[in-house]
Amino acid sequence: MRLYLIRHGETIWNEKGLWQGIADVPLNEKGKDQAKKLAERLKRVDAIYSSPLKRCLETAREIAERFKKEVIVEEDLRECEISLWNGLTVEEAMREYPEEFKRWSTDPNFGTKGLESMKSVQDRMVKVMMKIVSQERLNGSEDVVIVSHSLSLRSFICWVLGLPLQLHRNFKLDNASLSIVEVESRPRLVLLNDTCHLEDT
């Protein structure tokens, strides 16, 4: 089985470099175009799962339309809860909430009101991914699309690679990027942050 890990297309908040978390921001025009190009990149899809947030659902629906599939919404594919600094740039968050930002950025177990710990994100992502794998194995699926978010997907990839969770900051996932995890006896990463389908975007 192959899990196609897709980060949603661009939003206006992405364009402006603002934290989004679970703020329900839709795709901008560029993001919609990215989603179309991503759908065209894929050759086969047996099932499509998505975060409930608009930017993921809009991305997933482009793929679903091409392959005549239904989008299955999984709540646990949502982004990390970071409402404490939603709508702020990284620099603004660091300036206005220096202690919280430092602790959250360096300690995966740190969470507080308006900030979900990265360990919590990873735990729910691993749980929902393994649920999806089990379900789609029963369905005989080979190619499964998962549309989610940067922090959530990076936390899962850290688990696949056996990396300490704080190292999620050492790599990036661009908007509408494709990463692939193969699941055999154990999951393994075979592609990371591929955006060749967006080269003329």
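Residues numbered from 1 in each chain as written. Predicted model: local features only at pLDDT ≥ 70, side-chain atom pairs only at ≥ 80, totals over all residues. Heavy atoms only, no water.

## Considering the environment of Lys54
Now for step 1: By secondary structure assignment, the location of Lys54 is in helix H3 (residues 54–67).
Now for step 2: Sequence separation between Lys54 and Leu173 is 119 residues; the distance between their C-alpha atoms is 18 Å.
Now for step 3: Filtering out sequence-adjacent residues up to four positions away, Lys54 remains in contact with Asp24, Val25 and Pro26. (Helix = DSSP H or I, 4+ residues; strand = E, 2+ residues; numbered from the N terminus. Contact = heavy atoms within 4.5 Å.)

## Points about unusual backbone geometry
Now for step 1: Located in the positive-phi region is Ala176, a residue other than glycine, with phi close to 60 degrees.
Now for step 2: Residue Asn193 is not a glycine yet carries a positive backbone phi of 55 degrees.
Now for step 3: By secondary structure assignment, the location of Asn193 is in strand S6 (residues 187–194).

## Describing the packing of helix H6 (residues 118–138) against helix H7 (residues 150–161)
Now for step 1: At their nearest, the axes of H6 and H7 sit 8 Å apart, and the two run at 75 degrees to each other. Taken together, H6 and H7 sit at an angle that is classed as roughly perpendicular. The segment H6 lies against H7, with Met118, Val121, Gln122, Arg124, Met125, Val126, Met129 and Met130 engaging Leu151, Ser152, Leu153, Ser155, Phe156, Cys158 and Trp159.
Now for step 2: For the contact of H6 with H7, the class distribution of residues is 11 nonpolar, three polar and one charged. (Axes fitted to C-alpha atoms, helices over the stretch in contact; angles between N-to-C directions. Parallel < 35°, antiparallel > 145°, perpendicular 65-115°, else oblique. Nonpolar A, V, L, I, M, F, W, Y, C, P; charged D, E, K, R; others polar.)

## Comments concerning the sheet that holds strand S1 (residues 2–7)
Strand pairs in the sheet, formed through backbone hydrogen bonds, run parallel or antiparallel to each other.
Now for step 1: The strand order across the open sheet formed by six strands is S3-S2-S4-S1-S5-S6, and the pairing between neighbours is mixed. A strand with exactly one partner marks an edge of an open sheet, and here the two such strands are strand S3 (71–73) and S6. The average undirected angle you get between the axes of adjacent strands in this sheet is 20 degrees. (Pairing = 2+ DSSP bridges.)

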